[in-house]
Amino acid sequence: MASLTLDKVRKAFGPVEVLKEINLAIEDGEFLVLVGPSGCGKSTLLNLIAGLESSTDGEIRIGDRVINDVHPKDRNIAMVFQSYALYPNMTVRKNITFGLEIRGVSAQERDKAVADVAKLLQIEALLDRKPSQLSGGQRQRVAMGRALVRDPDIFLFDEPLSNLDAKLRVDMRTEIKKLHQRLGSTIVYVTHDQIEAMTLASRIAVMKDGILQQFDTPQNIYERPNNMFVAGFIGSPSMNFVNATLIDNNGQLAVSIEREGNPITLPLFEAPESYKAYAGKKVVFGIRPEALTHKRTGSDEPGSQYVNFDSKVEVIEPTGADTMTVIEIAGKEIVARVRPDRAPTPGESMTFSADMSQISLFDPDTELRI
Amino acid sequence: MADLQTYSHDAGWKNTVLRGLLYLVLILFAAYYLFPLIVMVSTSLKSLDEIREGSLISLPRVVTFDAWNYAWNEACVGVECTGIKIYFWNSVKMAIPAVLISTFLGAINGYALTKWRFKGANIVFALLLFGCFIPFQVVLLPMSQVLGKLGLASSTPGLVMVHVVYGLCFTTLFFRNYYVSIPDELVKAATIDGAGFFTIFWRIILPISTPIIVVSVIWQFTQIWNDFLFGASFASGENAPMTVALNNIVNTTTGVKQYNVDMAAALLTGLPTLLVYVLAGKYFVRGLTAGSVKG
């Protein structure tokens with residue numbers, strides 16, 4: 001177990017810069033998830049930590065040890081790959097112990113280590129099979145066993161669940177989380193799936209175009225996204241964005257949204273200091289679907305965090321637990337999350353409640369959070 | 001319903017005719033290719049008298065292996081009348097090392113070109129590929145000079161070297177294309193496990209290369225065993241490979257033309273490659289298509 005620090009790490013392939021000054025630090029036992037759309041540089045970053053590629057600039061430390069020029073095998077890391085990368089010619093047992101064998105661990109110790117890991121992952125019955133005789137989920141377990149058996153400082157996972165079907169993926173996700181809780185190991189995990197990121201991470205690093213967008217706990221990233229990209233990427237269905245103006249409404253700041261006929265005015269309940277500089281200016285109003293629902297009880301009382309407005313309903317999409325209700329405001333489609341028993345029919349007009357304590361405002365030019 | 005039945009009846013009749021035609025054509029082609037072999041085998045089993053009396057295509061009245069025995073033990077190659085057997089062993093001594101070395105080097109080349117990509121790997125591969133298209137005749141003179149300087153002229157090791165150099169392009173191409181389909185993550189995983197270039201090659205890559213090794217061995221063995229030009233140019237006299245010796249037996253101008261001995265010697269020369277195909281042929285086809293199958 002060890003901490004991991006990335007200090008101003010850069011990576012360029014010729015003139016193309018794929019990672020721009022990445023600074024990250026996690027404590028011993030943390031679960032860091034690198035998340036972002038394809039091509040954002042998250043896998044390259046993982047390869048740098050693994051030592052499969054070398055950084056152009058900056059420093060990578062495991063514990064207090066600078067590992068930039070250390071060979072992968074001496075970094076005391078273990079990696080689980082997307083394709084599992086099991087050695088097809090070896091049995092499961094051989095696959096798991098190959099690394100130990102290369103390192104000169106005695107046969108006795110290897111047998112004990114493989115027995116422990118097999119028990120932990122419940123793959124004892126598979127030890128003498130070849131990878132081709134295993135199902136996807138079993139291969140996944142063996143790949144994890146190969147990493148676990150080495151008892152490394154840091155585990156690296158490169159999209160380990162993306163080759164599994166949906167049901168199995170959820171199961172394995174829980175299992176990885178359990179494993180982390182039991183072993184308390186330091187993990188760096190790459191995924192493009194924001195739900196995986198939210199459920200697994202102790203901290204998330206959101207990346208885009210080789211730039212670290214935000215590095216924080218899942219809840220902070222969800223509630224206080226740094227910019228519009230993070231706000232839109234994390235959460236499903238994603239955050240609604242509407243162009244609006246911040247106005248002074250009788251001494252209280254309010255978000256005003258232009259709408260044919262009757263503009264919507266949403267007074268801000270306890271507006272933060274930072275909003276004041278934007279009074280009278282254009283902003284992007286961001287609200288998550290679950291903060292926008294059917295009319296809440298108590299929303300008519302003065303000083304309530306809920307603000308009501310009416311809108312015509314365009315489309316409804318029932319999901320069972322909630323009904324996603326699509327309305328149109330200022331030419332934008334907005335999704336509200338409504339309880340099924342309160343769900344409207346399309347074409348109907350309905351009163352919605354916006355929870356103003358859960359909104360985000362962004363600068364329309366820089367797209368940064370205000 | 002009635003219409004449908006008439007239709008299917010028609011179609012069935014048509015199918016039978018077409019199928020009959022197809023078989024007829026296939027049988028004709030098979031006969032075309034088999035006929036020379038039949039003539040060779042039957043002639044080699046006849047006595048010289050019978051050959052003179054009977055027709056070319058008649059089967060032997062009395063089967064005798066005298067011609068085979070004579071070709072193997074007594075036939076005259078040039079002035080030496082030692083049979084073709086010493087040249088058979090020459091060919092074995094040339095083909096086996098050349099096949100093994102060129103296959104092994106091709107495997108290492110393919111592995112390095114795909115899994116340890118270095119700057120200019122594509123150019124190196126393109127140049128190697130270019131070697132596949134150089135005609136044998138072009139390199140005869142420079143090669144003989146090189147062999148002379150190395151002191152390997154007119155020797156079996158010299159021939160081995162020539163065949164290794166010439167075969168390298170093909171074997172590299174085979175192995176490179178096979179290894180391209182093997183995921184790079186396998187090598188990355190082994191690197192993290194602590195294995196180096198050769199450990200990964202021996203323990204992981206080579207054990208999963210059986211299909212392409214078979215392809216390479218068959219291809220190289222056929223090429224090297226059947227080669228005449230290099231054998232005739234770079235090895236002479238008692239070091240000549242079997243193909244050259246066969247030519248010398250058949251083209252001897254003195255004495256009576258012993259057709260049965262010629263045929264037996266030719267069959268003996270062709271036998272090893274035939275044997276390799278029979279033993280490993282199914283792997284050959286499997287290996288050629290192996291790239292498309294996920295491991």
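Conventions used here
- Residues numbered from 1 in each chain as written.
- Chains lettered and ligands numbered in written order.
- Predicted model: local features only at pLDDT ≥ 70, side-chain atom pairs only at ≥ 80, totals over all residues.
- Core = buried A, V, L, I, M, F, W, Y, C linked by C-beta atoms within 7 Å.
- Buried ≥ 20, exposed ≤ 12 C-beta atoms within 10 Å, placed from the backbone.
- Helix = DSSP H or I, 4+ residues; strand = E, 2+ residues; numbered from the N terminus.
- Domains from an automatic or database assignment.
- Contact = placed C-beta atoms within 7 Å.
- Nonpolar A, V, L, I, M, F, W, Y, C, P; charged D, E, K, R; others polar.
- Pairing = 2+ DSSP bridges.
- Axes fitted to C-alpha atoms, helices over the stretch in contact; angles between N-to-C directions.
- UniProt positions renumbered as here; feature names shortened; annotations may be inferred.
- Right-handed = clockwise from strand over helix to strand, strands pointing away.
- pLDDT = per-residue confidence, 0-100.

**Some remarks on the nonpolar core**
- In this structure, Leu32(A), Val33(A), Leu34(A), Met79(A), Leu156(A), Val188(A) and Ile84(B) are the most contacted members of the largest nonpolar core, which totals 160 residues.
- Of the residues forming this core, the biggest block, 14 residues, is contributed by helix H7 (residues 156-180) of chain B.
- In terms of domain composition, this core takes at least three residues from each of domain 1 (4-233) and domain 2 (240-362) of chain A.

**Examining the interface of chain A and chain B**
- Every contact between the two is made by 17 residues of chain A and, on the other side, 15 residues of chain B.
- A per-class count over the side of chain A that touches chain B returns twelve nonpolar, three polar and two charged.

**Some details on the sheet that holds strand E11 (residues 240-249) of chain A**
Residues and elements named next belong to chain A.
- Across the sheet, five strands lie side by side as E13-E12-E11-E14-E20; this open sheet has antiparallel pairing. Looking at strand neighbours, the two that pair on one side only are strand E13 (264-267) and strand E20 (359-362), the edges of this open sheet. This sheet shows a mean twist of 40° between the axes of neighbouring strands, independent of strand direction.
- Pairing geometry for E11 and strand E14 (residues 282-287), over six bridges, is antiparallel. By the bridge assignment for E14, Phe241 is matched with Gly286.

**Considerations on the UniProt feature "transmembrane region" (unreviewed entry) in chain B**
All names here are of chain B.
- In this structure's numbering, the residues bearing the UniProt feature "transmembrane region" (unreviewed entry) are residues 21-41, 94-113, 120-140, 160-179, 200-221 and 263-285.
- Within residues 21-41, the helical portion is 100% and the strand portion 0%, while the C-alpha atoms at the span's ends are 30 Å from each other.
- This span, residues 120-140, is 76% helix and 0% strand, and a straight line between its end C-alpha atoms measures 29 Å.

**What to know about the UniProt feature "domain: ABC transporter" (unreviewed entry) in chain A**
- UniProt's entry tags residues 4-234 of chain A with the feature "domain: ABC transporter" (unreviewed entry), counted in the numbering of this structure.
- The span residues 4-234 of chain A shows a helical share of 37% and a strand share of 26%, and its end C-alpha atoms are spaced 24 Å apart.

**Structural notes on the sheet that holds strand E19 (residues 349-355) of chain A**
Residues and elements named next belong to chain A.
- Taken in spatial order, the five strands of this open sheet run E15-E19-E16-E17-E18, and their pairing is antiparallel. Of all the strands in the sheet, the pair left with one neighbour each is strand E15 (292-294) and strand E18 (332-338). In this sheet, neighbouring strand axes are inclined to one another by 50° on average, regardless of whether the strands run parallel or antiparallel.
- Taken together, the seven bridges between strand E16 (residues 306-318) and E19 define a ladder with antiparallel strand orientation. Opposite Lys312, over in E19, you have Ser349 as the bridge partner.

**Re the pairing of strand E7 (residues 154-158) of chain A**
Residue and element names in this part refer to chain A.
- In terms of burial, E7 is largely enclosed, as five of its five residues are buried.
- Covered by surrounding structure in E7 are Ile154, Leu156 and Asp158 together with Phe155 and Phe157, the residues of both alternating faces.
- Relative to E7, strand E6 (residues 77-80) runs parallel, the two being bridged by four bridges. Bridge pairing links Ala78 to Phe155 in E7.
- The sheet contact formed by E7 and strand E8 (residues 186-191) spans five bridges and is parallel. Its bridge partner lying in E8, Phe157 is registered against Tyr189.
- The handedness of the E7 to E8 crossover, carried by helix H5 (residues 166-183), is right-handed.

**Regarding the confidence of the model for chain B**
All names here are of chain B.
- Of all residues in chain B, 92% have pLDDT values of 70 or greater, and the mean over the chain is 86.
- Mean pLDDT values for the elements of chain B range from 83 in helix H2 (residues 48-53) up to 94 in helix H4 (residues 85-115).
- Segment residues 291-295: pLDDT under 50, and six contacts once partners within four positions in sequence are set aside and those in other chains are kept.
- Predicted as a complex, the structure gets a pTM of 0.81 and an ipTM equal to 0.82.

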